[in-house]
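# Working through the structure, step by step
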Amino acid sequence: MTDSTPARQTLHLSADLARALEAATAEWQRGGRMARLWSRDATLWTGADEARWMGWLDAPREAAASVAALEAFARQTREQGFADALLLGMGGSSLCPEVFALTFGPVAGAPRLHVLDSTDPAQIARVERQIDLDHALFIVASKSGSTLEPNVFKAYFFERVARRLGRERAASRFVAITDPGSSLERQAQAEGFLKVFAGVPAIGGRFSALSNFGLVPAAVMGLDVGRLAARAQAMAQACRADRPVSDNPGARLGLALGAAARAGRDKVTIVASPAVADLGAWLEQLIAESTGKQGKALIPVAGERLGPPEVYGDDRVFAYLRLDAAPDSGDDARMDRLERAGHPVVRIALADAYDLAGEFFRWEIATAVAGAVIGINPFDQPDVEATKVATRRLTDAYEQTGALPGETPILDEGGVQLFTDEANARELFARARSRAAGAVIRAHLGRLGAGDYFALLAYVDRNGMHAAALDAIRHAVRDRARIATCLGFGPRFLHSTGQAYKGGPNTGVFLQVTCDDTADLPVPGKRYTFGVVKAAQARGDFEVLVERERRALRVHLGPDVAKGLETLRTMTGA
């Protein structure tokens, strides 16, 4: 029966990696390390506060216990006539709901689920146009209750609805998911929100998919949460402590990834069937934010289309999540070629989209195990706060003066401005032997070497046209330099891969892309706007990158983003 059988997993490894995996498996079996993991033994990792953050181990069981309450709330939303549900969150609070929304699509008779995780004014305005404000439910998801983005999203949409319905009726359209005692919980109770769902303090955001942060939106959009819980429980049983490590899918996956990383294959390239492709974005956060610290990391690569074996270096390991109900024959053939060429490949077969719930748990176990192998605490995010502090300093300055601090580009040419710090500028001009913007950008890309990765960090509207132009650039760089490439839209990636970019190994070459907003939106109660928040986030992000001595260059495109991206494509040779 599909509901009780975890998705199949096979590992295709080189002889050296296979020997390393078997040695690690035997070591974990002898040392009872899966029992230590399930007993929350912090010394399996660094002996710090790991035990405080392992409530996710209980999430499948607790999900099953909460099915009736979730189904009751879903019925309530249908009875109240909500046509749309808008999830307002970031990182772990938004990525799982986005996976559900993009994988399952609208469900007949249930509200359509939308997700907002950007401060870009154009993106916010587009989401607003997609929903019926008079018949929309707003789900404010924030574990801490103090995260900037969900708070300003809530302020904006509450004001929009209150203007139409009055403040009391507006509050009845809002739901909160947050930890007990948070400022968001207090605000929701004071304002009379329709419902407050509790988070679990012992579950960190990126491990929260099988808690209320993932299951409440799933229920609201009409998914069978009982079926999701059953798939998660089946995987949890397969990964339990008394299962031999050799037969434990989460442990084996984590040990394989850890062994690959120790052998220099630290770029985890995620390939998923088109119908479940957005799982890659969730995996990016889980892997990068959990492992990217203390100069170590598994660097997740999602959204890269498959190429021939010759465009890949020897730093890759491929994870192929194949949906048996809707496979892609082209991907099947390309993965076969990569495997024959000697690249390590993990194959996972999903029977249908509900197997995603099992994958959430499998990969959580695998990430925790891999973290132990590479010697880090997978449950903290020490470098995320640095960007938040830098952003807060800039927005506070704007509140006081009405302007962000001035900045001077190193080049200003044809509507494109380049920014970086003195050390990067000095090296780039020396390499370029020119003051032309295109030459400097190509010199920046020329810094890529074996074992490096290239990351495009785009603080622009995440629409199809912009994504296509940025994809063209990343793939041109990959094919030319034979290196891994990442594409992140800001500020969303700050709550995801940003931790690894700043805390992981200094193997990234970063190209940040910013723009001027042609139209802006106010943040109620603040002097700053959404456009100012986005600009501050981009500048704070870049500031921390250069503080960490990363190879980083910022390209500012001006107000015409489409034209600016075409210029950037030309300058990069894409």
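Quick summary incoming for the structure in this document. (Residues numbered from 1 in each chain as written. Predicted model: local features only at pLDDT ≥ 70, side-chain atom pairs only at ≥ 80, totals over all residues. Heavy atoms only, no water.)

### Notes on the sheet that holds strand S13 (residues 453-458)
Cut-off, in case you're wondering: Between any two strands, at least two bridges found by DSSP are needed for them to pair. Secondary structure elements are defined from DSSP: runs of H or I of at least 4 residues count as helices, runs of E of at least 2 residues count as strands, and each element is numbered from the N terminus. For helices, the axis comes from a line fit to the C-alpha atoms of the stretch in contact; other axes are also lines fit to C-alpha atoms, and the angle between any two N-to-C directions lies between 0 and 180 degrees. Working rule for contacts: check all heavy atoms of both residues, and any pair within 4.5 Å makes them a contact.
Read from one edge of the open sheet, 6 strands run S11-S12-S16-S15-S13-S14, paired in mixed fashion. Each having just a single partner strand, strand S11 (411-413) and strand S14 (484-489) make up the two edges of the open sheet. Taking the axes of each pair of neighbouring strands and ignoring which way they run, one obtains an average angle of 15 degrees across the sheet. Of the strand pairs in this sheet, S13 and S14 are connected by 6 bridges, and their pairing is parallel. Bridge pairing links Leu457 to Gly488 in S14. Relative to the sheet, helix H18 (residues 437-445) contacts S11, strand S12 (416-419), S13, strand S15 (508-514) and strand S16 (551-556), its axis offset from that of S16 by approximately 150 degrees. Relative to S16, helix H21 (residues 530-547) is tilted by about 155 degrees, and along the sheet it contacts S12, S13, S15 and S16.

### Points about the side chain of Arg206
Test applied: Distance and chemistry together define a polar contact, namely a pair of N or O atoms within 3.5 Å, with one atom able to donate a hydrogen and the other to accept it when in protein, and with adjacent residues in sequence counting only for side-chain atoms on both sides.
Topologically, Arg206 is positioned in the loop between strand S6 (195-198) and helix H10 (212-220). Here Pro378 takes part through its backbone oxygen, which lies 2.8 Å from a polar atom of the side chain of Arg206. With sequence-adjacent residues up to four places away left out, Arg206 is seen in contact with Gly92, Trp282, Gln285, Leu286, Glu289, Ser290, Lys293, Glu364, Pro378, Phe379, Asp380 and Gln381.

### Quick notes on the sheet that holds strand S10 (residues 345-350)
Hydrogen bonds along the backbone pair up the strands of a sheet, which may run parallel or antiparallel. Taken together, 5 strands build an open sheet; the order of strands is S1-S10-S9-S7-S8 and the sheet is mixed. The strands lining the two open edges of the sheet, one partner per strand, are strand S1 (8-12) and strand S8 (299-302). Adjacent strand axes in the sheet meet at a mean angle of 20 degrees, parallel and antiparallel pairs treated alike. Bridging between strand S9 (residues 316-323) and S10 involves 6 bridges; their strand directions are parallel. Bridge pairing in S10 places Leu323 opposite Leu350. Against the sheet, helix H12 (residues 249-262) makes contact with S1, strand S7 (267-272), S9 and S10, and its axis sits at roughly 25 degrees relative to S1, the strand it touches most. Packed on one face of the sheet, helix H14 (residues 329-340) meets S1, S7, S9 and S10 and runs near 150 degrees to S9.

### Describing the packing of helix H7 (residues 148-165) against H21
Cut-off, in case you're wondering: Here is the rule for angles: anything less than 35 degrees is roughly parallel, anything more than 145 is roughly antiparallel, 65 through 115 is roughly perpendicular, and the remaining ranges are oblique. Gly is put with the polar residues, along with every residue not named as nonpolar or charged; the nonpolar set is Ala, Val, Leu, Ile, Met, Phe, Trp, Tyr, Cys and Pro, and the charged set is Asp, Glu, Lys and Arg.
Packing of H7 against H21 leaves a shortest axis separation of 12 Å and a crossing angle of 170 degrees. By the angle between their directions, the pair H7 and H21 is classed as roughly antiparallel. On the side of H7, the interface is formed by Leu148, Glu149, Val152, Phe153 and Tyr156, while H21 contributes Phe530, Val533 and Gln537. The residue inventory of the contact of H7 with H21, partitioned by class, reads 6 nonpolar, 1 polar and 1 charged.

### Thoughts on the pattern of salt bridges
Keep this limit in mind: We count a salt bridge whenever a side-chain nitrogen from Lys or Arg sits within 4 Å of a carboxyl oxygen from Asp or Glu.
Applying the stated criterion across every chain, the model contains 51 salt bridges. Salt bridges linked by common partners bring Arg8, Arg322, Asp324 and Asp332 together as one network.

### Notes on the pairing of S13
Convention followed: Buried means the residue's accessible area, taken with a 1.4 Å probe over protein chains only, is under 20% of the maximum for its type, while exposed means over 50%, and partly exposed covers the values in between. For the handedness criterion, the strands are oriented away from the viewer, and a crossover whose path from the first strand over the helix to the second runs clockwise is classed as right-handed.
Within S13, 6 of the 6 residues are buried, leaving the element largely enclosed by the surrounding structure. The side-chain alternation of S13 yields two buried faces, one formed by Tyr453, Ala455 and Leu457 and the other by Phe454, Leu456 and Ala458. Crossover connection from S13 via helix H19 (residues 464-481) to parallel S14: handedness right-handed. Two elements, S13 and S15, share 6 bridges in a ladder whose sense is parallel. Note that in S15 the partner of Ala458 across the bridge is Val513.

### Quick word on H7
Stated precisely, the cut-off is as follows: Multiply 1.5 Å by the residue count of a helix minus one, and that product is the helix's expected span.
Compared with an ideal rise of 1.5 Å per residue, which puts 18 residues at 26 Å, H7 spans 26 Å between its outermost C-alpha atoms and is within 8% of the ideal. Residues of H7 that are buried include every one of Glu149, Pro150, Val152, Phe153, Lys154, Tyr156, Phe157, Phe158, Val161, Ala162 and Leu165, and no others. One or two positions beyond H7, positive phi appears at Gly166, with a value near 90 degrees.

### Structural notes on the environment of Leu445
Turning to its location among the elements, Leu445 is positioned in helix H18. With relative accessibility at 9%, the residue Leu445 sits in the buried group. Once the C-alpha coordinates of Leu445 and Asp132 are considered, the two residues, 313 residues apart in sequence, prove to be 45 Å apart.

### Thoughts on the nonpolar core
What counts, and what does not: By convention a nonpolar core is built from buried Ala, Val, Leu, Ile, Met, Phe, Trp, Tyr and Cys residues, the set being connected through side-chain atoms within 4.5 Å.
Counting residues in hydrophobic clusters, the biggest one holds 98 residues, and the most contacted among them are Leu37, Trp56, Trp282, Phe360, Phe361, Trp363 and Ile365. The leading source of residues in this core is helix H15 (residues 356-374), at 13 residues. Sequence-distant contacts of Trp56, defined by excluding residues within four places in its chain, comprise Ala202, Ile203, Phe207, Phe361, Glu364, Ile365, Ala368 and Phe379. Counting residues in hydrophobic clusters, the runner-up holds 37 residues, among them Leu418, Ala425, Val440 and Val477.

### With respect to the packing of aromatic side chains
In plain terms, the rule: Whether two aromatic rings pair depends on their centres lying within 6.5 Å, for rings of Phe, Tyr and Trp, where Trp uses its six-membered ring; planes under 30 degrees apart make the pair stacked, over 60 edge-to-face, and the rest tilted.
Counted under the stated rule, the structure contains 24 aromatic pairs. Seen from their ring centres, Tyr312 and Phe318 are 5.0 Å apart, and the 85 degrees between their planes marks the pair as edge-to-face. Taken individually, Tyr312 and Phe318 each receive the classification buried, so the pair is uniform in this respect. Put simply, the rings of Phe138, Phe153, Tyr156, Phe157, Phe158, Phe174, Phe193 and Phe530 pair up and form one aromatic cluster.

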